[in-house]
Amino acid sequence: MRRGTKTRSDSESPDLSNMNHSTDISETTSILEDGATPSSIASSSHSKKEAKTVKVALPGVKKVQSAVKKKKSTPDLDVHKEITKCREEGSTHLDLSKAAVTALPKELKELTQLKELYLYGNKIATLPPEVGMLKNLETLALNENNLTDLPDTLVKVKNLKLLDLRHNKMKELLERLSLRENKIKDLPSVIGNLVHLVTLDVSHNNITSIPHEIGKCVQMTSLDLQHNDIPEIPDSIGNLREMTRLGLRYNQLSALPATLANCTKIDEFNIEGNNISELPDNLLHCLRMLNNVTLSRNNFEHFPTGPPKQFSAAETFIMEHNKVHKIPFGAFSKAKYLTKLNMKDNQIAAFPLDFGSWVSLVELNLGTNQLSRLPEDIQWLTNLENLILSNNLLRVSKSTSFLQNLERLVLQSNNLTTLPKSIGYLTNVQYLSVGKMESLEQLYLNDNDNLQVLPYELALCSALQIMSIENCPLNSIPAEVVAGGPSLVIQVILHFNLSK
């Protein structure tokens, strides 16, 4: 029988389905060997009707028995001829095992029909990047070679079900492992044996539990668990003291372990899209290097407890879509680097008394709350560029005229009956949204050098008598219309939007 062109009998084919001491991981790809894997490997797959079962051999367990039947070496095999024959015959199976192969030719990329490629028992030190073009490949046997790494292009092989890397020269250097966007349900406890793991990405799967053994991966700096179905995080997470990033977004978490406070190097904390109602006491204060904090879309009714110093390094704080009633006095008094604050869609009824001290803010979003009064102290927030206060009960303060850097002002769905003349001093405003103001009689927007667009809602202000738009470019409206005055401008705005 000719090698490389026809499927072997059962007695000749390597038995890759009976690997002992292995862990089944549904709908993913094995990228591990006993002792090691490359320093950077990624595996992803799209949703498929056909379920995949993958054998994963991990370091630290008893050695896996040979996945192939012993066969005689054939060092005289012409690799180029075998690849040519496979291409010409359209075979989906190619066996180049035990052929003393040291390198694979680039024409391997032409075998896009391949489903099985056996290269075990050779002397291959490097796998060519062209392997990433074998889009239909399902089985890749590379055991018993001299591999120390794998090409990044391997992630393009979306149909890969089994990757055998046992008995190579990768030592125990697994540092980065990505299994995102698969259908993994359980993370095996033997993950704790990957003691050199630095980054682990198992996001966008169906994982329902994290093993306690994750705490053994003490060198880990990045752990991405977002978009799964995880209900709780084990206390052992506190052992990962080198961790700087922890992704927990969109899971089923109702609480976090207090031991997380040990991970003091975390600089990004994001738990958006869970069921959490409170954080462990002083957790944010212990995570003293936090730059970005996101608590959105949870069940918080109260602002996180802790001293003002807990936000001393924070640049962004996002807590939208919760049930918070108030921002405590002094909460951001030490947040001298805070530039973005987003607490929209809560139940906040009033600004804290020290509101005027938030002088570093560039973006403030308190839309969809229950605010009825805008304090005069807003005049001190001179760095503000974006101010969003829509869906409240507000009347605009004259002090907004001091916000000379303001570029975006959103006020729709409030209790506005008029806009103060002082709004005309906001010379950097580029976007203004005021919503329906049926009682608005006077609007002064003059001398806004950057104002190019007027909101459609102005056409709905039936009581509007005076609108000053002198020295506003309004580039979206023809110059002859602007020259015709406010009445003509409003008519054009109304006509344009009705014709859409």
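Residues numbered from 1 in each chain as written. Predicted model: local features only at pLDDT ≥ 70, side-chain atom pairs only at ≥ 80, totals over all residues. Heavy atoms only, no water.

**With respect to the overall build of the chain**
Stage number 1. In terms of regular secondary structure, the chain is built from four helices and 21 strands.
Stage number 2. Looking at the 500 residues of the chain, the share that counts as buried comes to 51%.
Stage number 3. Long-range contacts, defined as pairs at least 24 residues apart, comprise 41% of the intrachain contacts of the chain with a sequence gap of at least 6.
Stage number 4. With the model as given, the accessible surface of the chain reaches about 22900 Å², and the carbon-plus-sulfur share is 47%. (Helix = DSSP H or I, 4+ residues; strand = E, 2+ residues; numbered from the N terminus. Buried < 20%, exposed > 50% of the residue type's maximum accessible area, 1.4 Å probe, protein only. Contact = heavy atoms within 4.5 Å. Areas by Shrake-Rupley, 256 points an atom, 1.4 Å probe, with all protein chains shown as cover.)

**Things to note about the nonpolar core**
Stage number 1. Ranked by size, the top nonpolar core spans 72 residues in total, and within it Leu200, Leu256, Phe269, Leu279, Phe317, Phe332 and Met343 carry the most contacts.
Stage number 2. Not counting the four nearest positions on each side in its chain, phenylalanine 332 is found in contact with Phe303, Phe311, Phe317, Ile327, Leu338, Leu341 and Trp358.
Stage number 3. Core analysis: the next-biggest nonpolar cluster, separate from the first, contains 28 residues, Ile83, Leu96, Val101 and Leu150 among them. (Core = buried A, V, L, I, M, F, W, Y, C linked by side-chain atoms within 4.5 Å.)

**With respect to the environment of leucine 253**
Stage number 1. In this structure, leucine 253 sits in the loop between strand S11 (245–247) and strand S12 (268–270).
Stage number 2. Once the C-alpha coordinates of leucine 253 and glutamate 232 are considered, the two residues, 21 residues apart in sequence, prove to be 5.4 Å apart.
Stage number 3. When neighbours within four sequence positions are excluded, leucine 253 is seen to be in contact with Ile230, Pro231, Glu232, Ile233, Leu248, Asn274, Asn275 and Ile276.

**Re unusual backbone geometry**
Stage number 1. A positive phi angle is found at glutamate 144, which is not glycine, with a value near 60°.
Stage number 2. Judged by relative accessible area, which is 23%, glutamate 144 ranks as partly exposed.
Stage number 3. Notably, asparagine 282 is not glycine yet its phi reads approximately 60°, a positive angle.
Stage number 4. Along the chain, asparagine 282 falls in the loop between S12 and helix H2 (283–286).
Stage number 5. Asparagine 282 gets classed as partly exposed once you look at its relative accessible area, which sits at 33%.

**Focus: the packing of aromatic side chains**
The description of an aromatic ring pair uses the distance of the two centres, along with the angle that the planes make with each other.
Stage number 1. As enumerated under the stated definition, the model contains nine aromatic pairs in all.
Stage number 2. Ring-pair connections join several aromatic residues into one group, and the members of that group are Phe303, Phe311, Phe317, Phe332, Phe351, Phe355 and Trp358. (Phe/Tyr/Trp six-rings, centres within 6.5 Å; stacked < 30°, edge-to-face > 60°.)

**Notes on the sheet that holds strand S7 (residues 162–164)**
Stage number 1. Pairing in this open sheet of four strands is parallel, and the strands run S4-S5-S6-S7 from one edge to the other. Strand pairing shows two members of the sheet lacking a second neighbour, strand S4 (93–95) and S7, which therefore form its edges. Across this sheet, the average inter-strand angle for adjacent strands is 0°, counted without regard to direction.
Stage number 2. When S4 meets strand S5 (residues 116–118), the two strands line up parallel, connected through three bridges. Across the sheet, the residue bridging to leucine 94 is leucine 117, located in S5. (Pairing = 2+ DSSP bridges. Axes fitted to C-alpha atoms, helices over the stretch in contact; angles between N-to-C directions.)

**Focus on the confidence of the model for the chain**
Stage number 1. Scored by pLDDT, the chain has a mean of 78; 67% of the residues are at 70 or more.
Stage number 2. For the chain, per-element mean pLDDT is lowest for strand S1 (residues 23–26), which scores 33, and highest for strand S15 (residues 340–342), which scores 98.
Stage number 3. Predicted confidence is poor over residues 1–69, with pLDDT under 50, and the contacts of this stretch with residues over four places away or in other chains come to 208 contacts. (pLDDT = per-residue confidence, 0-100.)

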